[in-house]
Each structure stands twice: as C-alpha cells, then as structure tokens.
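Each chain, written out:
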Amino acid sequence: MVVTLDLRPILELTDEQFEQICRSNPDLKFERTAKGELVVVALTGGETGRRNIKLSARLETWSDAAGLGVAFDSSTGFRLPNGAIRSPDAAWICLERWESLTPEQRKKIVPLCPDFLVELRSPNDELEDLQAKMQEYLANGLKLGWLLDPDTQTVEIYRPDRAVEVLTNPTHLSGEDVLPGFCLNLTGILA
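Everything numeric here is computed off the predicted structure, so don't read it as measured data.

For the chain, the count of helices and strands is 5 helices and 13 strands. Relative to its length of 191 residues, the chain is compact, with a C-alpha radius of gyration of 16 Å against a globular reference of 16 Å. Its C-alpha atoms put the chain at 50 × 35 × 30 Å along the principal axes. Within the chain, buried positions represent 45% of all 191 residues. A separation threshold of at least 6 residues defines the contact pool for the chain, and within that pool the share at least 24 residues apart is 55%. Surface accessibility of the chain: about 9600 Å² in total, with carbon and sulfur atoms responsible for 53%. Charge centroids of the chain, computed over 20 positive and 30 negative side chains, lie 2 Å from each other.

Right, dumping it as structure tokens:
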C-alpha cells in the first residue's frame, strides 16, 4: 500500500525537511513527487526482499568489477530534475557523472537521475503507478530501465525515444550499451 500526502496547502517540503522526515522515521520509506507530495511507501515482504537483494548484489558485483560507475540499493534517494525524490529498487550512475558531484552532494540525496535503474514490483505495488514512475524517470534522463513483475513473469524495458518493450519469462537481461557487459541472470529474481 502506498499513501500520498499533499502537504502543499500547509507546507512546501524542502529537501532538508524531506531528509529530516526520512531520518526521523527509519522504519518507513518515503518519496516526494514533482508536485511536492509526500509518498509513504509500504515495506516489502520477505519474498520481495529476497529478490531485491539478489538483484542489488548482481548489479554491484558487475559494477565493482567493471569500474564504469556506481551502483545503489533501494534505500538511496535521487532528486530528479523535475524536483521529485525517488528511490528505485536498484540503480546505477556512470563514473563521470558520479565524480562530478561534490563530496557533500554524494552524502545526501543524489541530485541526479540514474543512468540505469530497476523497479521490482511487490504485491503492494500498483502496476500503473510503477509504469508512471518509469516514464517519469525517462523524462528526467534515464537511459535504460527495467520494470520486473514476478507475478506475471514479465519485464518491461524502458529506453529514451522508444516504445516500451515487454518480455515474458526471460531468463537474462542485457545491460546493452548503458551497462556494457552486464547480463542479469533472473534466477531467483523473476521466478
């Protein structure tokens, strides 16, 4: 279950206030929409958590070996150019963009849209909401995104200026030219 709170009649939520809310409520996960609404995201269950750790571990293992960028887990917030603060299940930024940030920027909510990200649908997620988030990421600079749905065994692949590609029962996904050499084995993640 996701709850969206419109605080705008009372408060324009700054980045600092948003970060304070996150720190003060460590058992909850928050995002902020481009309109300034506070989104409270439900914690996931065990099966989704197991899938997500496999996904994050496989991305980090490749990223560390390749040395081309930096991988992030689901607890990382990204401030998109439209002002939204989002937290995908796994993300990656090329090294050049990461190194362009100051040390202070790296410690806080990352002021960039990831080059690559994955959203893993949990039983609490509405598919339409996740698809809208994927479109928002694309509009803010995403180069490659995957929406994984274990319930339907499908993957939606998002790329700029292309129609969404839908795969049914894939066993592997290619990082294409965004993540050169990365091939995600979906065993234990999608199935």
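That covers the picture; the talk isn't over yet.
What follows concerns the nonpolar core. The biggest cluster of nonpolar side chains holds 23 residues, and the ones touching the most others in it are Leu59, Trp92, Phe116, Trp146 and Leu148. Among the elements of the structure, α2 (46–66), β7 (90–94), β8 (116–120), β9 (144–149) and β10 (154–158) are those that each provide at least two residues to this core. Core analysis: the next-biggest nonpolar cluster, separate from the first, contains 19 residues, Leu80, Leu112, Leu130 and Leu147 among them.

Moving on to the side chain of Ser122. Here Ser122 shows up in the loop between β8 and α5 (127–139). With sequence-adjacent residues up to four places away left out, Ser122 is seen in contact with Thr44 and Thr48.

For the rest of this paragraph, the subject is the sheet that holds β10. Taken together, 6 strands build an open sheet; the order of strands is β4-β7-β8-β9-β10-β11 and the sheet is mixed. Each edge of the open sheet is held by one strand with a lone partner, namely β4 (69–72) and β11 (165–168). Between one strand and the next, the sheet's axes are offset by a mean angle of 15°, whatever the strand orientation. Together, β4, β7 and β8 form the strand contacts of α2, whose direction differs from that of β7 by roughly 15°. Across the sheet, α5 is in contact with β8, β9 and β10; its angle to β9 comes to roughly 170°.

Next up on the list: the state of the cysteines. All chains considered together, the criterion is met by 0 disulfides. Cys113 provides the cysteine sulfur closest to Cys22, a residue in no disulfide bond, and the two sulfurs are 18 Å apart. Note on Cys22: relative accessible area 26%, which makes it partly exposed.

This part takes up the environment of Leu138. On the secondary structure map, Leu138 appears in helix α5. The exposure class assigned to Leu138 is buried, which follows from its relative accessible area of 18%. With sequence-adjacent residues up to four places away left out, Leu138 is seen in contact with Tyr158, Arg159 and Pro160.

One pass over the structure, following the stated rule, counts 14 salt bridges. A salt bridge links Arg121 to Asp149; the nearest nitrogen and oxygen atoms lie 2.8 Å apart. Highlighted residues: Arg121 in the loop between β8 and α5 and Asp149 in strand β9, separated in sequence by 28 residues. Of the charged contacts, one joins Arg159 and Glu165 as a salt bridge, the two residues approaching to 3.0 Å between their closest N and O atoms. Here Glu165 falls in the partly exposed class, since its relative accessible area comes to 31%. Each of Glu31, Arg86, Glu119, Lys133 and Glu136 takes part in salt bridges that share partners, so that together they form one network.

Definitions and cut-offs
Residues numbered from 1 in each chain as written. Predicted model: local features only at pLDDT ≥ 70, side-chain atom pairs only at ≥ 80, totals over all residues. Heavy atoms only, no water. Helix = DSSP H or I, 4+ residues; strand = E, 2+ residues; numbered from the N terminus. Rg over C-alpha atoms; globule rule 2.2 N^0.38 Å. Buried < 20%, exposed > 50% of the residue type's maximum accessible area, 1.4 Å probe, protein only. Contact = heavy atoms within 4.5 Å. Areas by Shrake-Rupley, 256 points an atom, 1.4 Å probe, with all protein chains shown as cover. Lys, Arg positive; Asp, Glu negative; His and termini not counted. Charge placed at Lys NZ, Arg CZ, Asp CG, Glu CD. Core = buried A, V, L, I, M, F, W, Y, C linked by side-chain atoms within 4.5 Å. Pairing = 2+ DSSP bridges. Axes fitted to C-alpha atoms, helices over the stretch in contact; angles between N-to-C directions. Disulfide = S-S within 2.5 Å. Salt bridge = Lys/Arg side-chain N within 4 Å of Asp/Glu carboxyl O.

Nothing here speaks to function; it is all geometry.
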